[in-house]
Amino acid sequence: MKKFVYIFIILFSLSWGCNDADFLDREPTNILIDDQIWSDNSLILSVVADLYDRIPEFQTISNWWNYADFDEGFGSAFGDYWRHKNSDWGYGEWAINWKDYYKLMREVNLFIQKADSELTDDLQAADKARFIAEGRFIRASIYFEMVKRMGGVPLILEPLTYDFSGDPSYLEYPRSKESEIYDFVINELEAIKNDLPNDVNVKGRATKGLVLAMQARAAIYAGSIAKYGATTPNVSLPGGEVGISASMADAYYTKALSAAEELINSGTYALYNKKENLAENFTNLFLDKSGNTEVIFVKDYKLQSGKVQPFTVQNQPWSSAEDLEGGRLNPSLNLVQSFELLDNSFSTFETNTTEGDYVYYDSPKDIFAGRDARLEGTIIIPGSKFKGKELDIWAGYIDAEGNITTGSTYGQRKHFPTEADPEIPVVGYDGPIDELEFSAQTGFYCRKFMDTATGSGQRGLNSEVWWVRYRLAEVYLNAAEAAFELGNTTKAAGYMNVVRRRAGFTTDLTAADMSFDRIVHERKVELAFEGHILWDMKRWRLAHIVWNGESVDLTNNPEKADEVSNRVFALWPYKYYAPESPNHGKYIFKEVLPRVVTNADRFRLGNYYSEINDETVNNNNLIIKNPNQN
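Conventions we followed
- Residues numbered from 1 in each chain as written.
- Predicted model: local features only at pLDDT ≥ 70, side-chain atom pairs only at ≥ 80, totals over all residues.
- Heavy atoms only, no water.
- Phe/Tyr/Trp six-rings, centres within 6.5 Å; stacked < 30°, edge-to-face > 60°.
- Helix = DSSP H or I, 4+ residues; strand = E, 2+ residues; numbered from the N terminus.
- Buried < 20%, exposed > 50% of the residue type's maximum accessible area, 1.4 Å probe, protein only.
- Lys NZ or Arg CZ within 6 Å of the ring centre and 35° of its normal.
- Core = buried A, V, L, I, M, F, W, Y, C linked by side-chain atoms within 4.5 Å.
- Contact = heavy atoms within 4.5 Å.
- Salt bridge = Lys/Arg side-chain N within 4 Å of Asp/Glu carboxyl O.

Bringing the packing of aromatic side chains into the picture now. Using the criterion set out here, one finds 42 aromatic pairs in the structure. Summarising the aromatic geometry, the rings of tryptophan 98 and tyrosine 102 are spaced 5.6 Å apart at their centres and angled 40° between planes, so their arrangement reads as tilted. Taken as a pair, tryptophan 98 and tyrosine 102 lie in helix α5 (residues 98-115) at a separation of four residues, close to a single helical turn. Looking at tryptophan 98, the relative accessible area reads 15%, which means it is buried. Taking relative accessible area as the criterion, tyrosine 102 reaches 14% and is therefore assigned buried. Judged by centre distance (6.1 Å) and plane angle (65°), the rings of tyrosine 358 and tyrosine 576 are edge-to-face. Of this pair, tyrosine 358 sits in the loop between α12 (333-336) and α13 (374-378) while tyrosine 576 sits in strand β13 (residues 570-577), and the two are 218 residues apart along the sequence. Judged by relative accessible area, tyrosine 358 falls into the buried class, the value being 15%. Through a chain of ring-to-ring contacts, three or more aromatic side chains come together here, namely Phe58, Phe70, Trp89, Trp94, Trp535, Trp547, Phe603 and Tyr608. Directly above the aromatic system of tyrosine 301 lies the positively charged group of lysine 307, at a separation of 5.8 Å from the ring centroid. We note arginine 604 situated over the ring of tyrosine 91; from NZ or CZ to the ring centre the distance is 4.1 Å.

Okay, here's the thing in structure tokens:
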């Protein structure tokens, strides 16, 4: 009986409440309805800001470990040593999560649909056009990220809704051709560029300059896939979902050059040149948020908002660390020796004379002298300073007979050379020490994106240095590459020289100097740790050649694009101990393969396009898989 009484009371309460007309007409206070959002610029901006923040990326300063996946860097952390022991990449590496991408795509399509509806008619016409253009830019960005990974994907330009009919087949779309996705991205950007501001001070939202920069990048990718895909004809599908016809290459290169030149000639942006010291100038390019005319598009971080990133905490040099953490990313000797001499020549580091004796250096920095300023702007080398403190990078003492005395922890002290002597440090406080995490196991620390502000190395604070997604120097290199591929080597050299002069080169490259090797090299040193290496090696069809799985010594020809470089090497400085020798106390260097580097990276043909998993294929009968993955 009690049960029926309770039910009656509940029903009576509900019926009484629902007969209150005022109650039913009351506006909700905990949600915003469409009319409220789409009539308010600031609320629309909050929606589009969330979409910008979710543009997918691979290597960034928020996930340092991905920089250790290739030959640029070494993961100096116990949990990342496996990266240097694992020979093959899985076919699912770098793949998109199909569900997540198309869920995000549906949100973007909804945003565009609503921004382009009567809901926004109360906005200023320019504001409405800008929001629509931003939605289309974000959608183009997502498709660009998808095609880089997967090749052609379903091109869906409206928010799809299931009608609960029991037959979802009308929601199934086939994969477009790879070229069709690139064409969509390039054409979409062309369509919106004049609806966006041409403002150098706008860094976190789409601008005309950003649209042109992305056009140039996308077209360069498509052009090189078309041209160099001919060297791997089996990396394709008969329907064009993977692979682009070689006949289309020149049209893409022409578009890349046109977009890059439109941006360069606009005068809106200029290369960063604020500091007299060229290495410091290059470093500061990534730190300076005030009047930075080179940076085009960023993912920004701000201490006051609580949106910060941990790159400095995780990678600060150990001896100057503000917390008990750092040094996780060690740039490789492979990368370091790629920075050429200022006479435009390439040279490996001289560690021994032709007679086999050591080469002695008064300072550990001397071996790096006379090189491209971008070396010290990108990498902390032995003898460098960070946050005003000189770092302590040396691997131990070596005597005239070649005997080495070293330690197993940072700055370890020992009696040396006899027990009667007082204890002295026998290894640097920054290492290098084999298998000691956070030490400079390659002999180097990372400099690019490292925050010099006090407190940026503390876990409780972190850093507000921004992640630079697009900048003008890349646009110059895209222009140089496109011009070179179109046969205009004079123009190619001109654009490349603009970037090289800032790095300290006083002798310009000539048209005769231009080569594919030069194009590849310049991107490697200018754009190191900026998330380009994987996509560049894939589009040039170099990945399976350079990362071929064969354990070989470090190349003596770093200027050659197709040289094998699939294991991470190190360069260790030692102090020479020979009291009777004039070289006593000087530095000598040894090339080293860190002990945890046990396997060579092998990039298989099936890695050029990431795997489309069985779940995706089973859910959509129109989807076909990528090649070479059986």
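Counting residues in each nonpolar core, the largest one holds 114 residues, and the members touching the most others are Phe137, Ile138, Tyr143, Phe144, Met146, Tyr182 and Trp547. When residues in this core are grouped by element, the largest group, 14 residues, is from helix α8 (residues 208-228). In this structure isoleucine 138 touches Val48, Leu51, Tyr52, Ile55 and Val108, once residues within four positions along its chain are discounted. Ranked by size, the runner-up nonpolar core spans 58 residues in total, among them Leu329, Leu333, Leu391 and Ala528.

Inspection of the secondary structure assignment puts glutamate 522 in helix α16 (residues 516-526). By relative accessible area, glutamate 522 is classed as buried at 0%. Those residues in contact with glutamate 522 that lie beyond four places of it in its chain are Glu340, Arg374, Leu477, Met496 and Arg500.

Time to look at the pattern of salt bridges. One pass over the full model with this rule turns up 50 salt bridges. Here glutamate 615 ties to lysine 99 by a salt bridge, and the two come within 2.8 Å at their closest N and O atoms. Of this pair, glutamate 615 sits in helix α19 (residues 614-619) while lysine 99 sits in helix α5, placing them 516 residues apart in sequence. Exposure remark for lysine 99: the relative accessible area of 55% places this residue in the exposed category. Here glutamate 188 makes a salt bridge to arginine 136, at a shortest N to O gap of 2.8 Å. Placement of the pair is glutamate 188 in helix α7 (residues 178-192) and arginine 136 in helix α6 (residues 125-150), with a sequence separation of 52 residues. With a relative accessible area of 8%, glutamate 188 lands in the buried category. Salt bridges sharing partners connect three or more residues here, namely Glu294, Glu340, Asp372, Arg374, Lys448, Arg471, Arg500, Arg502, Arg518, Glu522, Glu526 and Glu530.

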